[in-house]
Amino acid sequence: MNDFRADPRAMEALAEAYRDIGAKMRTISELGGDRRDLIFDAAGDDEMGEEIKTNLGDPVTKIEGAFVSIGEVVANQTNVTKGMAAKLAVAESQNIENVHRGLKR
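Residues numbered from 1 in each chain as written. Predicted model: local features only at pLDDT ≥ 70, side-chain atom pairs only at ≥ 80, totals over all residues. Heavy atoms only, no water.

K.L.:
I'd like a description of the overall build of the protein, backed by residues and values.
P.N.:
Scanning the protein from terminus to terminus reveals three helices and zero strands. Here the C-alpha radius of gyration of the protein, 24 Å, is well above what a compact globule of 105 residues would show, namely 13 Å. Along the longest, intermediate and shortest principal axes, the C-alpha atoms of the protein span 85 × 25 × 15 Å. Looking at the protein as a whole, 16% of its 105 residues are labelled buried. Sequence separation of 24 or more characterises 75% of the internal contacts of the protein that already satisfy a separation of 6 or more. For the protein, the computed accessible surface area is about 8000 Å², with 58% contributed by carbon and sulfur atoms. Averaging the coordinates of the 14 positive side-chain charges in the protein and doing the same for the 19 negative ones gives two points 17 Å apart. (Helix = DSSP H or I, 4+ residues; strand = E, 2+ residues; numbered from the N terminus. Rg over C-alpha atoms; globule rule 2.2 N^0.38 Å. Buried < 20%, exposed > 50% of the residue type's maximum accessible area, 1.4 Å probe, protein only. Contact = heavy atoms within 4.5 Å. Areas by Shrake-Rupley, 256 points an atom, 1.4 Å probe, with all protein chains shown as cover. Lys, Arg positive; Asp, Glu negative; His and termini not counted. Charge placed at Lys NZ, Arg CZ, Asp CG, Glu CD.)

K.L.:
Quick rundown of the packing of helix H1 (residues 8-30) against helix H2 (residues 32-43)? Include the residues and the values.
P.N.:
Between H1 and H2, whose axes approach to 4 Å, the crossing angle comes to 30°. By the angle between their axes, H1 is roughly parallel relative to H2. Residues Ile28, Ser29 and Glu30 of H1 form the contact with H2, whose own contacting residues are Gly32, Gly33 and Arg35. Across the contact of H1 with H2, the residue classes tally to one nonpolar, three polar and two charged. (Axes fitted to C-alpha atoms, helices over the stretch in contact; angles between N-to-C directions. Parallel < 35°, antiparallel > 145°, perpendicular 65-115°, else oblique. Nonpolar A, V, L, I, M, F, W, Y, C, P; charged D, E, K, R; others polar.)

K.L.:
I'd like to hear about the side chain of Thr78, residue by residue, with values.
P.N.:
Relative to the assigned elements, Thr78 resides in helix H3 (residues 47-104). The contacts of Thr78, once residues within four sequence positions are left out, are Ala15, Tyr18 and Arg19.

K.L.:
I'd like to hear about the pattern of salt bridges, residue by residue, with values.
P.N.:
Counted by the stated rule, this structure contains seven salt bridges. A salt bridge links Asp20 to Arg19; its shortest N-O distance comes to 3.1 Å. A relative accessible area of 36% places Asp20 in the partly exposed class. Across the salt bridge formed by Asp45 and Lys53, the nearest N and O atoms sit 3.2 Å from each other. Classification of Asp45 as exposed rests on a relative accessible area of 68%. Through salt bridges that share partners, Asp7, Arg9 and Glu92 make up one connected network. (Salt bridge = Lys/Arg side-chain N within 4 Å of Asp/Glu carboxyl O.)

K.L.:
Quick rundown of the environment of Lys87? Include the residues and the values.
P.N.:
Tracing the sequence through the fold places Lys87 in helix H3. A relative accessible area of 59% means that Lys87 is categorised as exposed. In sequence terms Lys87 and Pro8 are 79 residues apart; their C-alpha atoms lie 8.1 Å from each other.

K.L.:
How would you explain the environment of Glu50 if you had to name every residue and give the values?
P.N.:
Tracing the backbone through its elements, the reader meets Glu50 in helix H3. On the accessibility criterion, Glu50 (38% relative accessible area) is partly exposed. Sequence-wise, Glu50 and Thr27 are 23 residues apart; in three dimensions their C-alpha atoms are separated by 29 Å.

Structure representation (structure tokens):
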């Protein structure tokens, strides 16, 4: 690795992009219960309604659970990316200080 380059500002921008995705996933997840309730309410209580609930209930529960899980992964990715951006910023600052010290000699 002779040519190492990392841009803390780009990493921070990426962390912000993940933060935005995370916010959207939270909104999607918050509405999940409403979507599931809507299916159950729309299906009714007759025989056909029970079949609809059986066929759609489990899949919609899994889908909504997946949205929650994806949101948690995105939130974790946001935190990790922000942490890496901060570490890169510190390393860049230290490198600049070392270069300036070397030039003063």
